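Summary of structural features
The residues making up each chain are set out below.
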Amino acid sequence: MMEPANSEHVRTRGVAVALGAGGARGIAHILVIEALDELGVRPSAIAGASMGAVVGAAWAAGVCAKDMRAHLQRLLRNRAEVMARIFQARVGRLTGLFAGGLQNPILLDGERILDFFWPQAVPDRFEDLAVPFTAVSTDYYARRARRFQTGPLAPAVAASMAIPGLFKSIEIDGSVLLDGGATDPLPYRSLMGSGDFVIACDVTGGPAPQTKAAPSAFEAMFGTAQIMQSALTAEMLKGARPDLLLRPQVDRYRVLDFFHGAEILAAAEPIKDEIKRALDQALSKAL
């Protein structure tokens, strides 16, 4: 699904892109990047939250959509290796269940996950990216969004994707940081006001197919987070809106359905030509 651009509000300085939170659904961001690649459009700025930050940082480093797709296929081809790497990134321990605070035994280190899953082309610092990039996280104690544009890249993106209950929190400059989707799941507003034509890709998802089975505790925890992100995005869109809002049809996929990456891309593929047509029409007036 896509909402068309309002040509009266098309800017002329460049194209800025916001990639939203949504777990495995964020794999669909690759199709938006493919459309822009094929149109020969290089973004002037990129902002990402959670999975959008993971994909957005790689894009800002100069990794094209074709290489992202190939990289994803290589990673997911060997399920055993992926699971082994995830296990190695575990920082929680079974004994933590009996410690004070009932610690999570499956908690993962986001920076170690990124070290394995990111393409080698991704640099260590924001300053070495090819395109200006903003990673959005949430300051747990300040109860507000925290945006990073300079300094070490991996900690900022690990903070942005630190889904509570799955990844450990990240401490930067004395702040405890968690998932950017908790406060700004579609970070297009930080790109507005620059004079750029702003595109936002929302993968928080709509209503899921209904079944009679109740979700497991694990599914309910992550599913509820996505419901809250979707509601927050809807409220954000009642105010200032991006010039072009994209919504790939990936609602049926869950937060951790990464091994369905090929299916997610296939499900979103039919709208790629529609996206390209809309972008081509809008950008022909803007550029």
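Residues numbered from 1 in each chain as written. Predicted model: local features only at pLDDT ≥ 70, side-chain atom pairs only at ≥ 80, totals over all residues. Heavy atoms only, no water.

Moving on: the packing of helix α1 (residues 29-39) against helix α2 (residues 51-60). It is the contact of α1 with α2, at a shortest axis distance of 10 Å, that shows an interaxial angle of 30 degrees. Taken together, α1 and α2 sit at an angle that is classed as roughly parallel. Both α1 and α2 take part in a crossing whose hand is right-handed. Residues His 29, Ile 33, Leu 36 and Asp 37 of α1 lie in contact with α2, whose contacting residues are Gly 52, Val 55 and Trp 59. (Axes fitted to C-alpha atoms, helices over the stretch in contact; angles between N-to-C directions. Helix = DSSP H or I, 4+ residues; strand = E, 2+ residues; numbered from the N terminus. Parallel < 35°, antiparallel > 145°, perpendicular 65-115°, else oblique. Left-handed = near helix turned anticlockwise from the far one by under 90°. Contact = heavy atoms within 4.5 Å.)

Among the secondary structure elements, Gln 226 is positioned in helix α7 (residues 217-237). Residue classification places Gln 226 among the buried residues on the basis of a relative accessible area of 8%. Contacts of Gln 226, omitting those with residues within four sequence positions, involve Gly 22, Gly 23, Arg 25, Thr 204 and Val 255. (Buried < 20%, exposed > 50% of the residue type's maximum accessible area, 1.4 Å probe, protein only.)

A full pass over the atoms with the stated rule returns 14 salt bridges. For Asp 184, the salt bridge goes to Arg 189, with nearest N and O atoms at 3.7 Å. (Salt bridge = Lys/Arg side-chain N within 4 Å of Asp/Glu carboxyl O.)

The subject of this paragraph is the nonpolar core. By size, the foremost hydrophobic cluster in this structure holds 68 residues, and its most contacted members are Phe 133, Leu 153 and Val 157. The element best represented in this core is α2, accounting for eight residues. Excluding anything up to four places from it in sequence, Leu 153 contacts Ala 57, Trp 118, Val 122, Pro 123, Asp 124, Arg 125, Phe 126, Leu 129 and Phe 133. Tyr 188, Leu 191, Ala 200 and Leu 245 belong to the second largest nonpolar core, which has twelve residues in total. (Core = buried A, V, L, I, M, F, W, Y, C linked by side-chain atoms within 4.5 Å.)

Attention now moves to the pairing of strand β5 (residues 144-148). Two strands pair when backbone bridges link them, and strand β4 (residues 133-139) and β5 are joined in this way by five bridges, in the antiparallel orientation. Opposite Ala 135, over in β5, you have Phe 148 as the bridge partner. (Pairing = 2+ DSSP bridges.)

What follows covers the environment of Leu 265. Take Leu 265: it is sitting in helix α8 (residues 261-268). Every residue in contact with Leu 265, bar those within four places of it in the chain, is listed here: Ile 27, Ile 30, Leu 31, Arg 69 and Leu 72.

A few words on helix α5 (residues 110-117). Of all the positions in α5, only Gly 110, Ile 113, Leu 114 and Phe 116 are classed as buried. Down the axis, α5 shows its buried residues gathered within 165 degrees of arc, on one side only. Those residues of α5 that are buried are in contact with α2, α3 (65-77), α4 (79-88) and α6 (153-160). Its side-chain oxygen 3.0 Å from the backbone nitrogen of Glu 111, Asp 109 forms the N-cap of α5. (Arc of directions from axis to C-beta. Polar contact = N/O pair within 3.5 Å; in protein donor to acceptor, adjacent residues only side chain to side chain.)

A word on unusual backbone geometry. Look at Arg 143: it is not a glycine, yet its phi comes out positive at around 60 degrees. Mapped onto the elements of the fold, Arg 143 is located in the loop between β4 and β5. Residue classification places Arg 143 among the exposed positions, given a relative accessible area of 59%.

Bringing a nonpolar patch on the surface into the picture now. There is a patch of nonpolar side chains on the surface, built from Phe 218, Met 221 and Leu 256 and spanning about 240 Å² of accessible area. With respect to the helices and strands, the residue Phe 218 is situated in helix α7. Residue classification places Phe 218 among the partly exposed residues on the basis of a relative accessible area of 35%. (Patch = residues over 30% accessible without salt bridge, like charges linked within 9 Å, V, L, I, M, F, W, Y side chains within 5 Å. Areas by Shrake-Rupley, 256 points an atom, 1.4 Å probe, with all protein chains shown as cover.)

Without other data, these values stay purely geometric and don't point to any function.
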